[in-house]
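Here's the letter readout for the chains.
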Amino acid sequence: MVRAPRFSAVEAYDGATIVMRADVASRRIDRLLPVLRCYRLEKSETWSVAWSVRGYAAALIEDSAVAYATVRAGGHEIRRREATGEDVSWQVLPGQLGAMAFDPATGDLACTARMTGTENGARRPTAFTRSDAAWFDDQSAALGTARHGVGVWRVCVLRTELSVVPVAVSDDVTLTGELAWLSGGRLVLGAARYLRDGRRRFGLLVADPGHGPRVVFDAELDLTGPVAAPDGSKLACVGTTVPTGHEPVIQKPCLLTDGDAVSTLDTGDDRWHRPVGWADPSRLCCIAEDGARRTLIVHNLATGDRSAVGLSASVVDAAPTAIGSAVIVSSPGTPPVLGVVDHASGALEEVQRTPGIETPGRLRRVPLADGETGLSLSAWLCEPPGPPRALAVVFHGGPLKSWTDWPWRWNPWPLVAAGLTVALVDPPMSLGYGSAAVAAGWRRWRTGIAEVAARQVCEVRRVTALQDAPLVLLGGSFGGYLALATAAVLRPALVVAHGSPGDLRQVASVSDVGWQWIREYGDPDTERDRYDEQSLPAAGIPPGTRVLLSHGVNDELVPAGESVRIHRSLVRQGIRSELVLFPGEAHPVSQPSNLTAWFAWILGACKEELGNRRPAQGST
């Protein structure tokens, strides 16, 4: 499973050609490498692989050709793959590509490339001219910028040769790498402002060749993910509400039309519709969170109607056309499948399945109603064919996520193969359960989410009749935080936490996404009590519980010092704690050898803690 190709995105689709990105384990180096695979629809109405290349982004251009970005000899370049199979270098980029978009009206291919250096490099003191130091004088300070040496984005336009387009922006605005074309040769670019209080606001910059650049920031919404209509008449994007008090964030689709007016689209629900493309200029396609799955929704802007495409699995990504969409679908029990779905019937034509993976058990969904909060949440149960030896509960990261897709990193099936029943639990703040579920945990990770999560685990034990079976709690990032936070109540035999925060105020102050923490909890200097109340307690692990902690040393979201600090504290208390630090990893573990070792470590610890216990007489 560790070395299986990971279908990650549909890069392009026009009805007869699909370009999919997959991350594939290299045979020469210990890395997952991005690969682009092109499928063509044959005259026999069947799909076949036309070509496969190393690359990480692609766009369909004229005459069924494909432009794609790849790494060559230490640099980045755009190559052009013709329908005849000819593959030629188009242009070397001045940095790593962020996004690309083709304008059929002009034949221009626009892309963003990230240059080396920091965004404030022009103000950098001359004392550091020959130094590799990253210098900051504002809230853009980030460990990732210093570590990777990347900073400001540049806009490039390709025809027969590359031209770097100067985009004038004010000192308080920076580009994010997103882009889309509108009619009249207008480029829409993602933009951001770093505010002095640590927050970050997101908007759009319209580069109009006739009128110059215009910045579009909405007072109530952050605007991200621009997706232009096929005729360039309008643009859709994600609008995320900007909290002004204690209310949580909400996401909704927004429209940008002539005059730069921003309007929100009435979705009829609060399932966080995210625009992914257009079927035609009047029909917008969105992916909506729906608890157990992500659903593809088609919004008819002319009539106000909306319809869900009847897929049984969760939509990971989609690229729409007038009749249907190329999609990647999966579920916790089904590895990703690339296919083409008809918008009207919901019929899915499979193009490619993930090869070489079998699930050694069965999957079922169980409702988890919480009487104290009135929330209706749920969990997936992954059960072995025979009586289970123990119950393992895995909490997802985020916390604004849910168990909808095939989980590569926290896959339950190795544990199921070892004889455990695994519950993938959606606690409060999981997506797909409405705004009330998000509000129940907002600013209350420990006193809100963890308390409900502990009751959810008790309900899972009741439903599975595994009340007396040994318990294992697992999770990464926020999920690991929950595993540690619920241990005092649930008294598990084993806790597994990777890349997890403990002292929320410290993490918010240093994290490269500190603005997300400030958006939820406020200023870590003035709201110390709020942060401290929700941080993990010093003595929260019961005696007898074994704890396995791991962390990537290059983690820029949750600094690795968090796991070091938690581990040292547990050892001082006499808790059996082990810590693994991965020098070459960041927030997730991605190197195949490290994933293999990590799974072996966890499975070995389960075997040691469960010993020769007889299988529990739970439901099977």
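As a reminder, the structure under discussion sits directly above these lines.
Residues numbered from 1 in each chain as written. Predicted model: local features only at pLDDT ≥ 70, side-chain atom pairs only at ≥ 80, totals over all residues. Heavy atoms only, no water.

Brief notes about the sheet that holds strand β15 (residues 200-208)
Applicable threshold: Between any two strands, at least two bridges found by DSSP are needed for them to pair. A run of H or I in DSSP counts as a helix once it spans at least four residues, and a run of E counts as a strand once it spans at least two, with each numbered from the N terminus. To obtain each axis, a line is fitted to C-alpha atoms, and for helices this fit is confined to the stretch in contact; angles are then taken between N-to-C directions over 0 to 180 degrees.
What the four strands build is an open sheet, ordered β13-β14-β15-β16; its pairing is antiparallel. Where the open sheet ends on each side, the last strands, each with one partner, are β13 (174-182) and β16 (212-216). Neighbour to neighbour, the strand axes of the sheet diverge by 25° on average, direction disregarded. With eight bridges joining them, strand β14 (residues 186-194) and β15 adopt antiparallel strand pairing. Across the sheet, Gly190 pairs through a bridge with Leu204, a residue of β15.

Considering the packing of aromatic side chains
Where we set the bar: Any pair of Phe, Tyr and Trp rings, taking the six-membered ring for Trp, is counted once the centres come within 6.5 Å. Such a pair is stacked with planes under 30 degrees apart, edge-to-face with planes over 60 apart, and tilted for the rest. Exposed residues in this analysis have more than 50% of their type's maximum accessible area, buried residues have under 20%, and partly exposed residues fall in between, with area computed by a 1.4 Å probe over protein chains only. Placement of a positive charge over a ring is assigned whenever Lys NZ or Arg CZ falls within 6 Å of the ring centre and within 35 degrees of the normal to the ring plane.
Using the criterion set out here, one finds 13 aromatic pairs in the structure. Between Trp410 and Trp598 the ring centres are 5.0 Å apart and the planes differ by 85°, which places this aromatic pair in the edge-to-face class. Of this pair, Trp410 sits in the loop between β31 (390-395) and α2 (413-417) while Trp598 is found in helix α11 (residues 592-610), placing the two residues 188 residues apart along the sequence. Pairing Trp598 with Phe599 gives two aromatic rings, centres 5.2 Å apart and planes at 85°, and the pair type is edge-to-face. Assessed through its relative accessible area of 3%, Trp598 is described here as buried. Clustering of aromatic rings is evident, with ring pairs tying together Trp445, Phe478, Tyr481, Trp517, Tyr521 and Tyr531. It is Arg80 that lies over the ring of Trp90; its NZ or CZ is 5.5 Å from the centre. Here the guanidinium or amino end of Arg409 rests over the ring plane of Trp410, the centre of that ring lying 4.7 Å away.

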